[in-house]
Amino acid sequence: MIGQKLLLAFTGKSMTSQVETAIREYAPAGLTLFRSLNVDSPAQLRELTAALQSIARARGLPPLLIAADQEGGQLMAIGGECTPLPGNMALGGGGSEALAVQAGEVLGRELLAMGVNVNYAPVCDVNINPRNPVIGIRSFGENPEEVGRLASAMIRGIQSQGVAATAKHFPGHGDTASDSHHGLSSVPHALDRLRRVEFLPFKNAIAGGVQMVMSAHLALPALDGPDAPPATLSQRILRGLLREELGFDGVIVTDAMDMKAIRQGEALGEDALRAVAAGVDLLLLTSDPADQRRVFTSLQTAAQEGALDAEETMKSIDRILSLKRWLAGFSQPDLSVVGCADHLAVADAIAEKSITLVRDQHRLLPLRLRPDQRVAVMQFKPADLTPADTSSYITPGLAAALRLYHPAVDEWIVPMNPDEREITDLLERLRPYDVLVIGTLNAFASEGQSELVRQALKLELPTVVAALRLPYDLTAFPEAPVFVCTYGIQEPSMRALAKALFGIIKISGRLPVSIEGLYPVGWGMGENPATRPE
């Protein structure tokens with residue numbers, strides 16, 4: 001039964017001998033699917049997940065947990081024809097609990113239609129640090145109460161469809177300046193601050209009945225001292241804090257065990273054993289057969305030799321089996337729900353509610369253009385800024401959205417970090433235009449983007465700067481007279497931005513994070529900018 005503590009992965013978009021062998025040899029709890037490894041289309045995925053479950057039944061195993069990172073926004077492990085939901089920070093900008101529930105329902109319903117019954121979502125991290133390289137718009141914002149409120153609403157939506165939600169990344173990854181994919185991060189705050197900020201959304205998620213919690217590979221010196229291990233390996237955090245203090249009695253799953261905050265190679269088996277001893281129920285492994293063998297052998301040997309507490313191991317497996325029984329109580333919907341009109345309407349509603357007008361010093365909005373006036377659009381080419389990112393799959397769509405309301409729109413797709421020559425060339429091309437719209441992607445962390453915007457503002461063209469990812473971009477060019485936020489680059493967000501700029505919809509979003517030295521959380525110029533003080 002020790003294999004029931006493993007979540008495996010594999011390479012293949014149909015059944016492979018590798019995954020068949022792994023299921024036969026390890027009898028795992030389930031598998032995690034990845035966009036690059038396993039996904040072509042909803043129909044293909046439904047066929048694959050059915051085949052995986054069929055093999056498990058043939059081996060006499062409990063139904064498999066089949067999981068994916070389908071967060072919405074920048075991380076959609078199953079993309080393609082799925083509904084392009086704006087992400088958590090867009091929900092934070094809109095502030096609607098009802099829309100957060102609906103977003104969860106869309107995610108859950110579409111996943112289960114494709115045979116996926118575990119969603120590694122929602123992110124419950126409070127994005128305090130603007131320089132956080134891995135969370136950002138995956139967070140609902142920087143107000144712990146709001147994060148907890150919206151996360152709990154999304155959990156209700158996901159689980160109402162028969163998919164287990166996963167609150168992550170416990171004990172809170174929002175105030176780190178490094179990425180645990182690349183090394184051990186630390187949250188250095190005292191326990192009273194951690195309880196007020198980092199822990200609060202998880203407390204709300206647990207009270208709301210979340211089925212799973214994902215441990216983060218980050219250290220808490222306040223609990224574990226100056227040489228604190230990753231939370232995944234900490235008994236004080238998993239048993240003491242999560243189980244005893246916060247009262248979580250569901251399934252604890254690790255973040256991916258190939259992240260560099262965990263020792264790799266031969267030491268991976270040892271750290272997997274440490275994680276289980278600390279209180280982890282499920283180990284999230286990669287598609288590397290050698291790593292799967294190392295971890296399984298380590299756990300099996302420890303169980304046989306009595307190095308693992310037999311009673312605790314059975315309690316852990318019972319929690320996993322209980323989750324599987326809960327999942328078995330739901331029926332799989334028809335594949336036609338994926339990307340259906342009702343779901344697309346939810347995406348549009350979230351996007352339109354999220355648009356935030358931070359500044360309009362020249363009262364430029366809404367745009368009132370003659371047919372002969374020309375609009376230039378500069379949008380930076382989407383890229384994956386972290387391993388937890390699928391933005392590179394998205395085709396830039398701002399110009400196409402603007403053309404729905406004005407015919408004379410020309411577009412330039414700019415490298416994420418343009419050099420001096422590229423900047424000079426672009427500036428020359430912009431001079432003949434009447435209006436300029438610039439869509440930035442974390443420009444505050446890209447000197448090339450920031451310099452291009454600063455130089456473009458000197459052209460004295462009427463200019464709208466739209467932050468298509470994090471609002472912190474305004475700190476890189478605080479002179480920008482018109483600044484709008486969308487919190488994402490999905491097609492619904494681009495359509496909503498175009499509608500907002502041309503006055504088709506009222507702007508009602510509020511900043512879910514502060515822009516240091518400029519604007520507080522909750523700021524937004526609202527439905528009638530002319531009546532709001534700057």
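Residue positions within a chain follow its written sequence, with the count starting from 1. This being a predicted model, a pLDDT of at least 70 is required before a residue's local features are given, and a value of 80 or more before pairs of side-chain atoms are given or counted; all residues contribute to the totals for chains, interfaces and linings. For the side-chain quantities, the full set of heavy atoms in the structure was used; hydrogens and water were omitted.

Enquirer: Would you mind showing me how to read the sheet that holds strand β7 (residues 164–170) here?
Expert: Think of a sheet as strands paired side by side through backbone hydrogen bonds, with each pair either parallel or antiparallel. Pairing in this open sheet of 8 strands is parallel, and the strands run β11-β9-β7-β6-β3-β2-β1-β12 from one edge to the other. At either end of the open sheet lies a strand with only one pairing partner, and these are β11 (251–254) and β12 (283–284). Across 2 bridges, strand β1 (residues 6–8) lies against β12 in parallel orientation. Across the sheet, the residue bridging to leucine 7 is leucine 284, located in β12. Here the rule is simple: two strands pair whenever DSSP picks up at least two bridges between them. Each helix corresponds to a stretch of at least 4 residues labelled H or I by DSSP, and each strand to a stretch of at least 2 residues labelled E; elements are numbered beginning at the N terminus.

Enquirer: What is the right way to look at the packing of helix α11 (residues 267–278) against helix α12 (residues 289–304) in this model?
Expert: Any two packed helices are characterised by how steeply their axes cross, that is the angle between the axes, and by the distance between the axes. Remark: α11 packs on α12, axes separated minimally by 8 Å, with the N-to-C direction vectors making an angle of 50 degrees. It follows from the interaxial angle that α11 and α12 lie oblique. Here α11 runs over α12; the crossing is right-handed. Counted together, Leu268, Gly269, Glu270, Ala272, Leu273 and Val276 of α11 and Asp291, Arg294, Val295, Ser298, Leu299 and Ala302 of α12 form the full contact between these two elements. Between the N-to-C directions of two axes lies an angle of 0 to 180 degrees, each axis being a line fitted to C-alpha atoms and, for a helix, fitted only over the stretch in contact. The cut-offs work like this: below 35 degrees is roughly parallel, past 145 is roughly antiparallel, 65 to 115 is roughly perpendicular, and the gaps in between are oblique. Crossings are assigned a handedness: left-handed for a near helix turned anticlockwise from the far helix by less than a right angle, right-handed for a clockwise turn. For this analysis, residues touch if any pair of their heavy atoms sits within 4.5 Å.

Enquirer: Got a minute to help me understand the sheet that holds strand β14 (residues 375–380) in this structure?
Expert: Taking strand neighbours across the sheet as the criterion, the 6 strands line up as β13-β18-β17-β16-β14-β15 in an open arrangement whose pairing is mixed. Here the strands that pair on one side only, and so sit at the sheet edges, are β13 (356–360) and β15 (409–414). Ignoring which end each strand starts from, the neighbouring axes of this sheet average 15 degrees apart. Where β14 lies against β15, 6 bridges are found, and the strand directions are parallel. Looking at β15, one finds that valine 375 is bridged to valine 409.

Enquirer: I keep staring at the pairing of strand β9 (residues 212–215) and nothing clicks. Help me out?
Expert: Consecutive residues of a regular strand have side chains that alternate between opposite faces of the sheet. Along β9, one buried face is formed by Met212 and Met214 and the opposite face, lined by Val213 and Ser215, is buried too. Direction of pairing for β7 relative to β9: parallel, over a ladder of 3 bridges. Looking at β9, one finds that threonine 166 is bridged to methionine 212. Here 4 bridges tie β9 to β11, and the two strands are oriented parallel to one another. Residue pairing for β11: valine 213 is matched across the bridge by isoleucine 252. Only protein chains enter the accessibility calculation, which uses a 1.4 Å probe; a residue is then buried when its area is under 20% of its type maximum, exposed when over 50%, and partly exposed in between.

Enquirer: Help me understand the confidence of the model for the protein in this model?
Expert: The pLDDT score gives, residue by residue, the confidence of the prediction method on a 0 to 100 scale. This prediction gives the protein a mean pLDDT of 94; 97% of its residues lie at or above 70. This model gives residues 528–534 a pLDDT under 50, and the stretch forms 15 contacts once residues within four places in sequence are excluded.

Enquirer: Can you walk me through the packing of aromatic side chains in this structure?
Expert: Each aromatic ring pair is specified by the distance between its two centres and by the angle formed by the two planes. Classification of ring pairs rests on two measures: the distance between centres of Phe, Tyr or Trp rings, Trp counted by its six-membered ring, which must be within 6.5 Å, and the angle between planes, read as stacked under 30 degrees, edge-to-face over 60 and tilted in between. Scanning the entire structure with this criterion turns up 8 aromatic pairs. Aromatic side chains tyrosine 26 and phenylalanine 296 sit 4.8 Å apart centroid to centroid with 40 degrees between the ring planes, which places their arrangement in the tilted category. Taken as a pair, tyrosine 26 in helix α1 (residues 17–26) and phenylalanine 296 in helix α12 lie far apart in primary sequence, 270 residues in all. You'll find tyrosine 26 and phenylalanine 296 in the same group, each marked buried. Pairing tryptophan 412 with tyrosine 433 gives two aromatic rings, centres 5.6 Å apart and planes at 85 degrees, and the pair type is edge-to-face.

Enquirer: Mind showing me how you'd approach a nonpolar patch on the surface here?
Expert: Together, Leu404, Tyr405 and Ile504 line one region of the surface with nonpolar side chains, adding up to about 290 Å² of accessible area. Looking at where tyrosine 405 falls in the secondary structure, it is placed in the loop between α15 (398–403) and β15. Of the residues examined, tyrosine 405 reaches a relative accessible area of 31% and is grouped as partly exposed. For patch building, the residue pool is restricted to those with more than 30% relative accessible area and no salt bridge; the joining distance is 9 Å between like charges and 5 Å between nonpolar side chains (Val, Leu, Ile, Met, Phe, Trp, Tyr). For the accessible areas, the method is Shrake-Rupley and the probe is 1.4 Å, while residue cover comes only from the protein chains on display. Salt bridge, as used here, is a side-chain nitrogen of Lys or Arg placed within 4 Å of a carboxyl oxygen of Asp or Glu.

Enquirer: In this structure, what is going on with empty space enclosed by the protein? I would like to understand it.
Expert: Only protein atoms enter the 1 Å grid, on which a cavity is a set of points fitting a 1.4 Å probe that cannot get out and a pocket is an open set with protein on both sides within 12 Å along at least 5 of 7 lines, lining residues being those with an atom within 4 Å of a point. Grid points are joined across faces, edges and corners, and a volume is the space filled by probe spheres set on the points. Taken as a whole and judged by the stated rule, the model has 2 cavities of 30 Å³ or more. Each pocket or cavity is described by its volume, and for the largest cavity that value is around 50 Å³. Classification used: nonpolar for Ala, Val, Leu, Ile, Met, Phe, Trp, Tyr, Cys and Pro, charged for Asp, Glu, Lys and Arg, polar for all others including Gly. A breakdown of the residues in the lining of the largest cavity according to their chemical character gives 4 nonpolar, 5 polar and 1 charged. Around the second largest cavity sit Glu71, Gly72, Gly73, Gln74, Gly87, Asn88, Ile137 and Arg138, which together line it. Class assignment for the residues of the lining of the second largest cavity results in 1 nonpolar, 5 polar and 2 charged.

Enquirer: Sorry if this is basic, but what is going on with the pattern of salt bridges here?
Expert: If the charged atoms of two oppositely charged side chains come close together, the side chains can form a pair. Enumeration according to the criterion identifies 32 salt bridges in this entry. The residue glutamate 311 makes a salt bridge to lysine 315 at a minimum N-O spacing of 3.7 Å. On the criterion of helical spacing, the pair formed by glutamate 311 and lysine 315 is a turn pair, its members being 4 residues apart in helix α13 (residues 310–327). Through salt bridges that share partners, Asp69, Glu71, Arg138 and Lys168 make up one connected network.

Enquirer: Teacher, can you tell me more about the pairing of β13 here?
Expert: Judged by how many residues are buried, β13 sits mostly within the fold: 5 of 5 residues are covered. Where β13 lies against strand β18 (residues 482–485), 4 bridges are found, and the strand directions are antiparallel. Within β18, the residue paired with leucine 357 across the bridge is valine 484.

Enquirer: Would you take a moment to explain the environment of leucine 474 for this structure?
Expert: Position of leucine 474 among the secondary structure elements: in the loop between β17 (463–467) and β18. A relative accessible area of 0% means that leucine 474 is categorised as buried. Remark: the alpha-carbon pair of leucine 474 and asparagine 442, spanning 32 residues in sequence, is separated by 9.7 Å.

Enquirer: I'm lost on the nonpolar core in this one. Help?
Expert: Soluble globular proteins tend to pack their nonpolar side chains together in the buried interior. Here, the term nonpolar core denotes a set of buried Ala, Val, Leu, Ile, Met, Phe, Trp, Tyr and Cys residues that are joined through side-chain atoms within 4.5 Å. Formed by 164 residues in total, the largest nonpolar core has its most connected members in Leu283, Leu430 and Phe477. In terms of residue count, helix α5 (residues 97–113) provides more of this core than any other element does, 9 residues in total. Setting aside residues no more than four positions away along its own chain, leucine 283 makes contact with Lys5, Leu6, Leu7, Thr254, Met257, Ala272, Ala275, Val276, Val295 and Leu299. Membership of the second largest hydrophobic core comes to 18 residues, among which are Leu65, Met214, Val251 and Val253.

Enquirer: Sorry if this is basic, but what is going on with the environment of aspartate 281 here?
Expert: Along the chain, aspartate 281 falls in the loop between α11 and β12. Distance in space between the C-alpha atoms of aspartate 281 and alanine 219 is 19 Å, their sequence separation being 62 residues. Look past the residues within four positions of aspartate 281 in its chain and what remains in contact with it is Lys5, Arg243, Gly250, Val251, Ile252, Ser316, Arg319 and Ile320. Definition of a polar contact: a pair of N or O atoms within 3.5 Å, with one able to donate and the other able to accept a hydrogen when the atoms are protein atoms, and with sequence-neighbouring residues admitted only if both atoms are side-chain atoms. A distance of 2.8 Å separates a polar side-chain atom of aspartate 281 from the backbone nitrogen of isoleucine 252. Polar side-chain contacts of aspartate 281 include one of 2.9 Å to the side chain of arginine 319.

Enquirer: What's the story with the packing of helix α14 (residues 341–354) against helix α18 (residues 491–501) in this structure? I'm lost.
Expert: Direction vectors running N to C along α14 and α18 enclose 50 degrees, while the axes themselves pass 8 Å from each other. Taken together, the axis directions place α14 and α18 in an arrangement best described as oblique. Crossing handedness for the pair α14 and α18: right-handed. Of the residues in α18, those in contact with Ala347, Asp348, Ala351 and Glu352 of α14 are Pro492, Ser493, Arg495, Ala496 and Lys499. Classifying every residue of the contact of α14 with α18 gives 4 nonpolar, 1 polar and 4 charged.

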